[in-house]
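A look at the structure
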Amino acid sequence: MAVMAEVSATTGAALRGPASPAPAPMKESDAEKLRFIEEMTSDVDAVQERVLSEILARNADTEYLVAKCGLAGATDRARFRAKVPMATYEDLQPYIRRIADGDRSPILSGHPVSEFLTSSGTSAGERKLMPTIEDELNRRTLLYSLQMPVMNLYVPGMDKGKALHFLFVKSETQTPGGLAARPVLTSYYKSSHFKNRPFDAYNNYTSPTAAILCADAFQSMYAQMVCGLCQRHDVLRVGAVFASGLLRAIRFLQLNWEQLAADIEAGALTPRVTDPSVREAVAEILRPDADLAAVIRAECSSGEWAGIITRIWPNTKYLDVIVTGAMAQYIPTLKHYSGGLPMACTMYASSECYFGLNLRPMCDPSEVSYTLMPNMCYFEFLPMDTGNGGGDASQLVDLARVELGREYELVITTYAGLNRYRVGDVLQVTGFHNAAPQFRFVRRKNVLLSIESDKTDEAELQRAVERASALLRAHGATVVEYTSQAYTKSIPGHYVIYWELLASGATGAGAAVDRETLERCCLEMEEALNSVYRQSRVADGSIGPLEIRVVRPGTFEELMDYAISRGASINQYKVPRCVTFPPIIELLDSRVVSSNFSPALPHWTPAQRNDD
């Protein structure tokens, strides 16, 4: 035990760094997890070489590596680099389609594909299908298990209470070959790893599993909220996967607090929750509590929502949410509702693979860096500062050879059969933990607009504008210029599209086009956007109705003049298709002559094929 204590103290100090709090007594299980992190990050190149060899050996007989790459069973780095090209989803789509259609031969993976994980990135307007294998769940579960031992170094006592995490499943489909196709978190929540997980004091949720697994978004949220309220003094951390999800929960409380208080006072769940398993699970927690109902009414009826999280859940120590990348736009609103609680971004993951951890989870959101765990997959990096947009595989750099300060596109080779796959994430090297580089998430390549898990690129927005603007022809009007923003001051957030119109007649464009037509244009744009966006609108309620703001003639010339006054070249100026700079948004908003919202939900059904 003396050796264990010495190792634990050393490991904890290494992870915390020099400016971190003093170590607290450490459980043996935590010490084991922290030692694992230290081992994995001490010689990343050796771990990576082993991982690549394992992956290539397991998949040695696959059609892709044999017929496409001519690897002939080789498992060494040199031949892998020489033979295997970089790949995009479009490169792999023919192979993936065959697997989805029922071909069970070893096409990409030597192990059977167990299901498809639907990526929120889109291909030709629809979700990407990422093949996965059964034992990938073990790697994901392992990474989950490392989060709290790291957090305990910074926030002790998290095993003395519970987590109010708003967790949800999303709809799933089946491919023509009978395999499930669903989001990665839905896959995890529905797995035996989650449903049959042993009790863990560090991950003790207020939400019953039945409420998390309920596919109806309202019933799931209502049940999780009422259970979170009933256990308000036990809650030590509040969170959701994305910042937008936590804000949606706050909005839900704003809209439903009267019914929630009534249920708590009566000790009976509203009939609006009809799922028998959810009602049964909530009944074990919900008891008549007039005092708690009075607290909820007092806090929510005043109309003052600043600091509501700590007012309702007074023992909350931090928010557990992703606030990097597109989620950073929600930070000010989260600070408002939480009274400035710290926000912990603990893990970096995607549908393709889980990648790494934030070893300083209580740092400011602007300083979040992730340490990639070299046992998760084989990592390579394409430098972004070499003009290598098309992708020259000879320029790929190994994990152990990235350079501080440089930006790279992430390229991965996974156990499930993605080989030198371009994820599309741009990362910057910010430092090192032992020999392991640490990366800041810079951006998602080519993504223009994002509210939550949706990702809309410039080409897709252009197509949507063109499709909607066709409705203006009957009014003799056209779209002269447009730009957009992801508007997140309302909950849920929504897309705002700024249009400058030109009318062919003598009357102004604003007068030529009536409100009903412009509202139809909003809906037509939504119909043209991808299925991830439409699912978020229809099934999840995580995106609000699209808005078109018509600006007065000459606005985009003023926008150009403003850009030139700030140093832009008049010869190279292009209208930005998305704006985030507050002065530009203020200029646009000051020129708005009409604001129009989509009048209905766009078409979406979970039964549609994901790979069309």
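For clarity, every value in this text was computed on a predicted model and none was experimentally measured.

1. Observations concerning the overall build of the chain
- Looking only at helices and strands, the chain has 22 helices and 22 strands in total.
- In the chain, which comprises 612 residues, the proportion classed as buried is 54%.
- When contacts within the chain are restricted to residue pairs at least 6 apart in sequence, long-range pairs at least 24 apart make up 69% of them.
- Per element, the accessible surface of the chain, about 24,500 Å² overall, is 52% carbon and sulfur.
- Here the chain holds 61 positive side-chain charges and 72 negative ones, and the gap between their average locations is 0 Å.

2. Topic: the nonpolar core
- Ranked by internal contacts, the top residues of the largest apolar core, which has 168 residues, are Leu 253, Phe 381, Leu 410, Trp 499 and Met 525.
- Ignoring any residue separated from it by four or fewer positions in sequence, one finds Phe 381 in contact with Leu 372, Gln 395, Leu 396, Val 397, Asp 398, Leu 399, Val 402, Tyr 408, Glu 409, Leu 410, Leu 427 and Phe 439.
- Membership of the second largest hydrophobic core comes to 11 residues, among which are Val 551, Phe 556, Leu 559 and Leu 587.

3. Details of the pattern of salt bridges
- Tallying each qualifying case throughout the model produces 34 salt bridges.
- The shortest N-O distance in the salt bridge between Asp 45 and Arg 77 comes to 2.8 Å. Here Asp 45, found in helix α3 (residues 44-58), pairs with Arg 77, found in helix α5 (residues 77-83); they are 32 residues apart in sequence, far enough to count as distant. No difference in accessibility class separates Asp 45 from Arg 77, as the two residues are buried.
- Between Arg 237 and Asp 320 there is a salt bridge; the shortest N-O distance is 3.7 Å.

4. Some remarks on the sheet that holds strand β8 (residues 343-344)
- Across the sheet, four strands lie side by side as β3-β6-β7-β8; this open sheet has parallel pairing. The sheet is open, and its two edges are formed by β3 (162-166) and β8, each paired on a single side.
- In this sheet, strand β6 (residues 235-242) lies alongside β3 in parallel orientation, the contact comprising five bridges. By the bridge assignment, Ala 163 is partnered in β6 with Arg 237.
- Across the sheet, helix α11 (residues 217-230) lies against β3 and β6, angled at about 155 degrees from β3, the strand it touches most.

5. Some thoughts on the packing of helix α12 (residues 243-266) against helix α14 (residues 290-301)
- For the pair α12 and α14, the least separation of the axes is 8 Å and the interaxial angle reads 160 degrees. Our classification of the angle between α12 and α14 gives roughly antiparallel. Crossing angle aside, the handedness with which α12 passes α14 is left-handed. Contact residues: α12 offers Leu 253, Trp 257, Ala 261, Ala 262, Ile 264 and Glu 265, while α14 offers Ala 290, Leu 292, Ala 293, Ile 296, Arg 297, Cys 300 and Ser 301.
- Class assignment of the residues belonging to the contact of α12 with α14 gives a composition of 10 nonpolar, one polar and two charged.

6. Some details on the environment of Ser 338
- Along the chain, Ser 338 falls in helix α16 (residues 331-338).
- Taking the C-alpha atoms as reference, Ser 338 lies 28 Å from Val 278; in sequence the two are 60 residues apart.
- Sequence-distant contacts of Ser 338, defined by excluding residues within four places in its chain, comprise Gly 307, Ile 309, Thr 310 and Leu 319.

7. Regarding the packing of aromatic side chains
- According to the stated counting rule, one finds 17 aromatic pairs in the structure shown.
- One Lys or Arg, Arg 197, reaches over the ring of Phe 194 and ends 4.0 Å from the middle of that ring.
- Positioned over the ring face of Tyr 487 is Arg 549, at 5.2 Å from the centre of the ring.

8. Comments concerning helix α2 (residues 28-42)
- For α2, spanning 15 residues, the distance from its first C-alpha to its last is 21 Å, which sits close to the expected 21 Å at 1.5 Å a residue.
- What α2 keeps buried is the set Asp 30, Ala 31, Leu 34, Ile 37, Glu 38, Met 40 and Thr 41.

9. Observations concerning the sheet that holds strand β12 (residues 378-383)
- Strand order in this open sheet of eight strands is β9-β10-β11-β16-β15-β14-β12-β13, and the pairing throughout is antiparallel. Each edge of the open sheet is held by one strand with a lone partner, namely β9 (347-349) and β13 (397-398).
- Docked against the sheet, α3 engages β12, β14 (407-413) and β16 (436-444), running at close to 110 degrees with respect to β12.

10. Points about the pairing of strand β21 (residues 547-551)
- Most of β21 is tucked away, with five of its five residues classed as buried.
- Alternating positions in β21 separate into two faces, Glu 547, Arg 549 and Val 551 on one and Ile 548 and Val 550 on the other, with burial throughout.
- Direction of pairing for strand β20 (residues 494-503) relative to β21: parallel, over a ladder of five bridges. Bridge pairing in β21 places Tyr 498 opposite Arg 549.
- Note: β21 against strand β22 (residues 592-597), five bridges, orientation antiparallel. Each residue of the ladder has a partner; that of Glu 547, found in β22, is Phe 597.

11. Brief notes about the side chain of Ser 594
- Summarising the element assignment, Ser 594 is placed in strand β22.
- The buried category is assigned to Ser 594, whose relative accessible area is 17%.
- A polar side-chain atom of Ser 594 sits 3.2 Å from a polar atom in the side chain of Asn 596.
- Beyond its immediate sequence surroundings of up to four residues, Ser 594 is in contact with Leu 518, Ile 548, Arg 549 and Val 550.

12. Observations regarding the packing of α2 against helix α7 (residues 136-151)
- Running from N to C, α2 and α7 point in directions that differ by 110 degrees, and their axes come no closer than 9 Å. Classified by the angle their axes make, α2 and α7 are roughly perpendicular. The element α2 and its partner α7 pack so that their crossing is left-handed. Here Asp 30, Lys 33, Leu 34, Phe 36 and Ile 37 of α2 come into contact with α7, specifically with Leu 142, Ser 145, Leu 146, Pro 149 and Val 150.

13. Overview of the environment of Pro 342
- Mapped onto the elements of the fold, Pro 342 is located in the loop between α16 and β8.
- The spacing of Pro 342 and Asp 320 is 22 residues in sequence and 8.8 Å in space, taken between C-alpha atoms.
- If sequence neighbours within four positions are ignored, Pro 342 has contacts with Lys 317, Tyr 318, Leu 319 and Met 362.

14. Description of the confidence of the model for the chain
- When pLDDT is averaged along the chain, the result is 88; 91% of the residues meet or exceed 70.
- Counting contacts from residues 506-510, a segment whose pLDDT is below 50, to residues more than four positions away or on other chains yields five contacts.

Scoring rules and cut-offs
Residues numbered from 1 in each chain as written. Predicted model: local features only at pLDDT ≥ 70, side-chain atom pairs only at ≥ 80, totals over all residues. Heavy atoms only, no water. Helix = DSSP H or I, 4+ residues; strand = E, 2+ residues; numbered from the N terminus. Buried < 20%, exposed > 50% of the residue type's maximum accessible area, 1.4 Å probe, protein only. Contact = heavy atoms within 4.5 Å. Areas by Shrake-Rupley, 256 points an atom, 1.4 Å probe, with all protein chains shown as cover. Lys, Arg positive; Asp, Glu negative; His and termini not counted. Charge placed at Lys NZ, Arg CZ, Asp CG, Glu CD. Core = buried A, V, L, I, M, F, W, Y, C linked by side-chain atoms within 4.5 Å. Salt bridge = Lys/Arg side-chain N within 4 Å of Asp/Glu carboxyl O. Pairing = 2+ DSSP bridges. Axes fitted to C-alpha atoms, helices over the stretch in contact; angles between N-to-C directions. Parallel < 35°, antiparallel > 145°, perpendicular 65-115°, else oblique. Left-handed = near helix turned anticlockwise from the far one by under 90°. Nonpolar A, V, L, I, M, F, W, Y, C, P; charged D, E, K, R; others polar. Phe/Tyr/Trp six-rings, centres within 6.5 Å; stacked < 30°, edge-to-face > 60°. Lys NZ or Arg CZ within 6 Å of the ring centre and 35° of its normal. Expected span 1.5 Å × (residues − 1). Polar contact = N/O pair within 3.5 Å; in protein donor to acceptor, adjacent residues only side chain to side chain. pLDDT = per-residue confidence, 0-100.

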